[in-house]
Amino acid sequence: MPTKDGENYIIVVEHINKSFANGVKAVVDFTTRVKRGEVLVVIGPSGSGKSTFLRCLNGLEEIDSGTIVIDGIPLNDNKKNRLEIRKEVGMVFQLFNLFPHMTVLENVNLAQRRVRKKSREAATAMSMDLLKKVGITEKADNYPNQLSGGQQQRVAIARALAMMPKVMLFDEATSALDPEMIGEVLDVMKDLAREGMTMICVTHEMGFAQEVSDRVIFMEDGKIVEVGTAQHFFTAPVEERTKLFLSQIL
Amino acid sequence: MTAAGPWIAKAYNFLKRIKAFDILSYALIVLGLFWFVISGAEKQGYFWQWYRIPSYLYEFENNSFTAGPILQGLQVTLKIVGISLVLTYIFGLVTALMRLSNSAGARTVARFYLESTRNTPLLVQLYFVYFIVAPVLNIDRLSAAVLALSLFEGAYASEIYRAGIVSINRGQWEAAYSLGLNNFNMYKDIILPQALRRILPPLTGQAISLIKDSSLVSVIAVYEMTMQANAIVAETFLVFEVYFTIAAVYLLITVSLSQLVSYMERRMKIV
């Protein structure tokens, strides 16, 4: 496009709605804009639609109405646009979803080779850099099930980064981890945030939110209930629902 | 412990390791079956002439061995099975992908092929392909047999593929999708390698069915092993000897195939 907004905002979401076949309205008239380099944290009780919102952003879920524009590219029925957006948006899942039949290195190499059409050498060089960044170079030739949960999630982050995405989505990236492994994954995410990556994180880690996020959205029943900085949520939440939720997770 | 103790234990372990006890009990069962069949035939006053069988397996002329009719038939059987197996796996995969595709047309075509093939007898399909399809496509007897067999087994194989593909965790599809892989690479690199590992045993079962079902193509006079056996029986009335012999040959092929696949399975298993 790029419109005036497109230049300032890398993600423009306007009035999106998403219902599931069973009638549950997961996302209701949701509007938000994300600036380049912004770190947005989405919190909310389970079933509030935060994961669904995240999954709409790279087309894993089809929206029923509304518009999503990422880096000037509208996410619509145009297959080329969708593919372009999937390349620009990296995603990290709660359950890692590494490819179990491939080594760590092959996991990180795959998209570079198939999508970016790099040579094996070029892909491997970049993969090793990324694995170094997430601190697991020594496991490059291991299979995912030989790694701990925290290590697997760090590989998953490296795998997503290998596409050189402009946006990273984190869908409860630390929720499935043992407590002692949460820190190592959050550290990688914090580094990424400080390097200026645009990130949207669905998480309950308020410490993380306070340290690196620019904005926090509290969602319930598919709607935005309250928006503010992490500090705002710690010190002066306005809505009763927000207070109740925070009292449960903090 | 006595001096003999460790020796006996060692021998016992050795026998156990080479599966001697399994082999022994298997041999006993087979012997029992043989006794059953032989005494059955004797009750009918059957006159066994096993000594005549080797001459149908091989011939010894001018100081060199040549294949007798049964082994010549075996060559044809192996040729039919080899080509049909490749085609079966291709038909099966294509049909499974069509059934899983977004196109309603592709799904309908696949469904029609699947149901019409699985729900009619192979014998009828053989006649259909030989008398109706083959003249139209202008193909010979052997090709007609291969086509009919692989269409039939392919229908079953497609359901095996489909089960394997849909058994792959949704997270794998989502991860492949979010990395920007296209459909072809998603199947080739992520889904099929994992699915194939899971469906290797039932696909082997399908291959074994194919080997046995290949004996049916004798009805359109393809001179594979069963057809050769039929011809020998018609000539000599060595009913039991000839049919038992070819049954043993089929058994030999299918068992070696199973062994090969279980070896592959062990090698493919990761951790």
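Residues numbered from 1 in each chain as written. Chains lettered and ligands numbered in written order. Predicted model: local features only at pLDDT ≥ 70, side-chain atom pairs only at ≥ 80, totals over all residues. Heavy atoms only, no water.

Novice: I'm lost on the sheet that holds strand β4 (residues 65–70) of chain A in this one. Help?
Specialist: Two pairing modes exist for strands in a sheet, parallel and antiparallel, and in both the strands are linked by backbone hydrogen bonds. Residue and element names in this part refer to chain A. With respect to topology, four strands assemble into an open sheet ordered β2-β1-β4-β5, the strand pairing being antiparallel. Only two strands of the sheet have a single neighbouring strand rather than two, namely β2 (25–35) and β5 (73–74). Sheet topology note: the β4/β5 ladder contains two bridges and is antiparallel. Bridged to Ile70 within β5 is Ile73. Those strands touched by helix α2 (residues 50–57) are β1 (9–19), β2 and β4, and its axis lies near 120° from that of β1. (Pairing = 2+ DSSP bridges. Helix = DSSP H or I, 4+ residues; strand = E, 2+ residues; numbered from the N terminus. Contact = heavy atoms within 4.5 Å. Axes fitted to C-alpha atoms, helices over the stretch in contact; angles between N-to-C directions.)

Novice: What's the story with the confidence of the model for chain B in this structure? I'm lost.
Specialist: The predicted coordinates ought not to be read in detail in places where the model reports low pLDDT. Looking at chain B as a whole, its pLDDT mean stands at 91, while 97% of the residues score no less than 70. ipTM for the predicted complex: 0.92, alongside a pTM of 0.85. (pLDDT = per-residue confidence, 0-100.)

Novice: Please explain the pairing of strand β7 (residues 167–171) of chain A as it appears in this structure.
Specialist: Walk down a regular strand and you will see the side chains alternate between the two sheet faces. All names here are of chain A. The buried count for β7 comes to five of five residues, which makes it a mostly enclosed element. Residues Val167, Leu169 and Asp171 point to one face of β7 and Met168 and Phe170 to the other, with burial holding for every one of them. Here four bridges tie strand β6 (residues 89–92) to β7, and the two strands are oriented parallel to one another. Residue Val92 lies in a different strand from β7, and its bridge partner there is Phe170. Pairing of β7 with strand β8 (residues 198–202) involves five bridges; the strand directions are parallel. Residue pairing in the sheet places Phe170 in a bridge with Cys201 of β8. (Buried < 20%, exposed > 50% of the residue type's maximum accessible area, 1.4 Å probe, protein only.)

Novice: So what exactly am I meant to see when it comes to the pattern of salt bridges here?
Specialist: Pairing is possible between side chains of opposite charge, provided their charged atoms come close. Counted according to the given criterion, the structure contains 24 salt bridges over all chains. The partner of Lys133 of chain A in a salt bridge is Glu195 of chain A, and the shortest N-O contact between them spans 2.8 Å. Here Lys133 of chain A is found in helix α5 (residues 120–133), whereas its partner Glu195 of chain A is found in the loop between α7 (179–194) and β8, with 62 residues between them in sequence. The salt bridge involving Glu159 of chain B is made with Arg99 of chain B; its shortest N-O contact spans 2.9 Å. Of this pair, Glu159 of chain B sits in helix α7 (residues 141–166) while Arg99 of chain B sits in helix α4 (residues 69–99), placing them 60 residues apart in sequence. When salt bridges with common partners are traced through the structure, they connect Asp187, Lys190, Asp191, Arg194 and Glu211 of chain A into a single cluster. (Salt bridge = Lys/Arg side-chain N within 4 Å of Asp/Glu carboxyl O.)

Novice: Honestly, the packing of α7 of chain B against helix α9 (residues 183–213) of chain B in this entry has me stumped. Any pointers?
Specialist: When two helices pack together, you describe them by how their axes are tilted relative to each other and by the distance separating the axes. Residue and element names in this part refer to chain B. Where α7 contacts α9, the axes come no closer than 8 Å and their chain directions differ by 145°. As α7 runs across α9, the sense of the crossing is right-handed. Across the interface between the two elements, Leu149, Phe152, Glu153, Tyr156, Ala157, Ile160, Tyr161, Gly164 and Ile165 of α7 pack against Tyr187, Ile191, Leu192, Ala195, Leu196, Ile199, Pro202, Leu203, Gln206, Ser209, Leu210 and Asp213 of α9. By residue class, the composition of the contact of α7 with α9 is 16 nonpolar, three polar and two charged. (Left-handed = near helix turned anticlockwise from the far one by under 90°. Nonpolar A, V, L, I, M, F, W, Y, C, P; charged D, E, K, R; others polar.)

Novice: Would you mind showing me how to read the interface of chain A and chain B here?
Specialist: How big an interface is tends to be reported as the loss of accessible area on association of its parts. Of the residues lining the interface, 26 residues belong to chain A; the matching set on chain B comes to 21 residues. When the two sides are added together, the surface that chain A and chain B hide from each other amounts to roughly 2000 Å², 59% of it contributed by carbon and sulfur. Linking chain A with chain B are two salt bridges, by the criterion used here. Here chain A is connected to chain B by eleven residue pairs in polar contact (both at pLDDT 80 or more). (Buried area = accessible area lost by both parts, 1.4 Å probe. Polar contact = N/O pair within 3.5 Å; in protein donor to acceptor, adjacent residues only side chain to side chain.)

Novice: Would you explain the packing of aromatic side chains in this entry?
Specialist: The relation between two aromatic rings is expressed through the spacing of the ring centres and the mutual angle of the planes. In total, this model carries 14 aromatic pairs over all chains according to the counting rule given. For the pair Trp48 of chain B and Phe240 of chain B, a centre-to-centre distance of 5.8 Å together with 40° between the ring planes defines the contact as tilted. Residue Trp48 of chain B is found in the loop between α2 (20–43) and α3 (54–57), and its partner Phe240 of chain B is found in helix α11 (residues 239–268); the two are separated by 192 residues along the sequence. Of the aromatic side chains, those joined through ring pairs into one cluster are Tyr46, Trp48, Trp50, Phe240 and Phe244 of chain B. Residue placement shows Arg33 of chain A over the ring face of Tyr9 of chain A; its charged tip is 5.5 Å from the ring centre. For the cation-ring pair, Arg159 of chain A lies above Phe99 of chain A, with the distance from its terminal atom to the ring centre recorded as 4.5 Å. (Phe/Tyr/Trp six-rings, centres within 6.5 Å; stacked < 30°, edge-to-face > 60°. Lys NZ or Arg CZ within 6 Å of the ring centre and 35° of its normal.)

Novice: Can you walk me through the sheet that holds strand β9 (residues 215–220) of chain A in this structure?
Specialist: All names here are of chain A. Sheet architecture is open: six strands sit in the order β6-β7-β8-β3-β9-β10, paired in mixed fashion. Two strands bound the open sheet, and with one partner strand each, they are β6 and β10 (223–228). Direction aside, the axes of adjacent strands within the sheet are offset by 20° on average. The pairing of strand β3 (residues 39–43) with β9 spans four bridges and is classified as parallel. Across the sheet, Leu40 pairs through a bridge with Arg215, a residue of β9. α7 contacts β3, β7 and β8 of the sheet and is inclined by roughly 145° relative to β8.

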